[in-house]
Amino acid sequence: MSRSLRTALSAALIALSCLFTPFGALAAWAAYGLTDTRGYVTTMAPLASDPAVRDAVADTVGDGVARESGLNPVFLREAVRSFTATRAYRSAWDAGNEAAHTAVMHALRDDGRDSREGRADEPVTVDLATVTAPLRRQLTVDHVPFAERIPVEHTRVALLPSDDLTALRKGYRVLDVAGFWLPLTAVVFAVAGIAVAACRRRAITATALGTALGGAFLGLAVAVGRRLTLADLPDPAHRPAAGAVYDALTATLRTASWLLLALGLTMAAATWLSRPGSPAVRLLRRRRASAAPAQAPEAEPTRVRA
């Protein structure tokens, strides 16, 4: 293979690797980060104490109860806001997130047997008893009066309509495949591009800079996604709470973008500094030469020896 052909093939493989890197990180985050129920609950748990989230919960629950009961919404909001500072609320928060995530993932991972048998998909629902049961248990532990009398009724609340399930299942299957193969393909293309390159040092530098650029692009995409997500919310008052949830869910993705950026720049700097004739290499050679012991001069023959 000629040198020009090897250079062109290496450039193409490295370009594909750098292109797949941010998309591979995004797919892996969606396929393995968002779909893990335990990890999701752990990520969402600190938000129970977030002031913006507490205010949003107080407003939503207080207004909903006010519409049903006809009571003063201001009083109900303050009551709910005070309740969000208790351990019972945090227990109910974790239980609700776990139940909701489990129900959604069960629906997405369904193989569609109901559709093949001629039965329409049902909407994704969650049982309120999964929230009220741990809530009553925690209130009882905290010795709240009449806590044991709180009713635990099995009431289903809709999370996702049945019309959206088909598209969501297809998207989940695509992410499940892409989350594994895209990162692996990026690594294979990078290794192959460096292996066939006529000048491997330049290929490594190009791969490192492309990886850093991919990390920067991923971080920019996360920031733009946050801006667009908050802009689409109908209620501006809930944007701080939505921003806190978005930041918590994308924390791993932002960390991955910084790691790609730092790894790429570090590799590029190391390759540049270790090239022949670089100032660092010349300085290292001078230090080695100065540290070497000087050769003793040969003694001149004395008159007796002569």
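Not measured: the values here are computed from a predicted model.

### Some remarks on the pattern of salt bridges
(1) Moving on: A full pass over the atoms with the stated rule returns five salt bridges.
(2) Moving on: Linking Glu78 and Arg81 is a salt bridge whose minimum nitrogen-to-oxygen distance equals 3.0 Å. Residue Glu78 and its partner Arg81 are both found in helix H4 (residues 73-83); the two are separated by three residues, about one turn of the helix.
(3) Moving on: For Arg81, a relative accessible area of 22% corresponds to the partly exposed category.
(4) Moving on: Linking Arg254 and Asp247 is a salt bridge whose minimum nitrogen-to-oxygen distance equals 4.0 Å.
(5) Moving on: Overlapping salt bridges bring together Asp55, Asp59, Glu78 and Arg81 as one network.

### What to know about the packing of aromatic side chains
(1) Moving on: Applying the stated criterion across every chain, the model contains five aromatic pairs.
(2) Moving on: Each ring, one from Phe20 and one from Phe189, has its centre 6.0 Å from the other, and the planes form 25 degrees; the classification is stacked. Taken together, the residues span a long stretch of sequence, with Phe20 in helix H1 (residues 3-33) and Phe189 in helix H8 (residues 165-196) at a distance of 169 residues.
(3) Moving on: Centroid distance Phe83 to Tyr89: 6.0 Å. Interplanar angle 75 degrees. Geometry classified as edge-to-face.
(4) Moving on: Each member of the aromatic cluster is reached from another via a ring pair, and the members are Phe83, Tyr89 and Trp93.

### Details of the nonpolar core
(1) Moving on: Residues Tyr40, Met44, Leu47, Ala48, Val53, Ala56, Tyr89, Trp93, Ala241, Ala244 and Ala248 constitute the largest nonpolar core, which totals eleven residues.
(2) Moving on: Only helix H2 (37-44), helix H3 (51-69), helix H5 (87-108) and helix H10 (239-249) provide two or more residues apiece to this core.
(3) Moving on: Not counting the four nearest positions on each side in its chain, Ala48 is found in contact with Arg54, Thr84, Tyr89, Arg90 and Trp93.
(4) Moving on: Ala25, Tyr246, Leu253 and Leu260 belong to the second largest nonpolar core, which has eight residues in total.

### Considerations on helix H9 (residues 200-231)
(1) Moving on: Between the first and last C-alpha of H9 there are 46 Å, a value that for 32 residues agrees with the 46 Å anticipated at 1.5 Å per step.
(2) Moving on: Within the sequence span of H9, burial applies to Ala203, Thr207, Ala208, Gly210, Thr211, Ala212, Gly214, Gly215, Leu218, Val222 and Leu230.
(3) Moving on: On its buried side, H9 packs onto H1, H8, H10 and helix H11 (251-273).

### With respect to a nonpolar patch on the surface
(1) Moving on: A grouping of Tyr32, Val177, Phe180, Trp181, Leu184 and Val188 is seen on the molecular surface, where their side chains present a nonpolar patch of about 600 Å² in accessible area.
(2) Moving on: For the nonpolar patch, the leading source of residues is H8, giving five residues.
(3) Moving on: Relative to the helices and strands, Val177 resides in helix H8.
(4) Moving on: By relative accessible area, which is 48% here, Val177 ends up partly exposed.

### A word on H8
(1) Moving on: Its 32 residues give H8 an end-to-end C-alpha distance of 45 Å, which sits within 8% of 46 Å, the value for a rise of 1.5 Å per residue.
(2) Moving on: When the local axis directions of H8 are compared, the greatest deviation, roughly 35 degrees, occurs at Ala178.
(3) Moving on: Taken together, the buried positions of H8 are Leu165, Arg169, Tyr172, Ala178, Gly179, Ala186, Ala190 and Gly193.

### A closer look at the environment of Asp63
(1) Moving on: Looking at the element boundaries, Asp63 is found in helix H3.
(2) Moving on: Assessed through its relative accessible area of 22%, Asp63 is described here as partly exposed.
(3) Moving on: As for Asp63 and Pro73, which are separated by ten residues in sequence, their C-alpha atoms are 5.6 Å apart.

What counts, and where the lines are drawn
- Residues numbered from 1 in each chain as written.
- Predicted model: local features only at pLDDT ≥ 70, side-chain atom pairs only at ≥ 80, totals over all residues.
- Heavy atoms only, no water.
- Salt bridge = Lys/Arg side-chain N within 4 Å of Asp/Glu carboxyl O.
- Helix = DSSP H or I, 4+ residues; strand = E, 2+ residues; numbered from the N terminus.
- Buried < 20%, exposed > 50% of the residue type's maximum accessible area, 1.4 Å probe, protein only.
- Phe/Tyr/Trp six-rings, centres within 6.5 Å; stacked < 30°, edge-to-face > 60°.
- Core = buried A, V, L, I, M, F, W, Y, C linked by side-chain atoms within 4.5 Å.
- Contact = heavy atoms within 4.5 Å.
- Expected span 1.5 Å × (residues − 1).
- Patch = residues over 30% accessible without salt bridge, like charges linked within 9 Å, V, L, I, M, F, W, Y side chains within 5 Å.
- Areas by Shrake-Rupley, 256 points an atom, 1.4 Å probe, with all protein chains shown as cover.
- Bend = angle between axes of the 7 residues up to and from the residue.

These results come straight from atomic positions and should not be treated as a statement about function.
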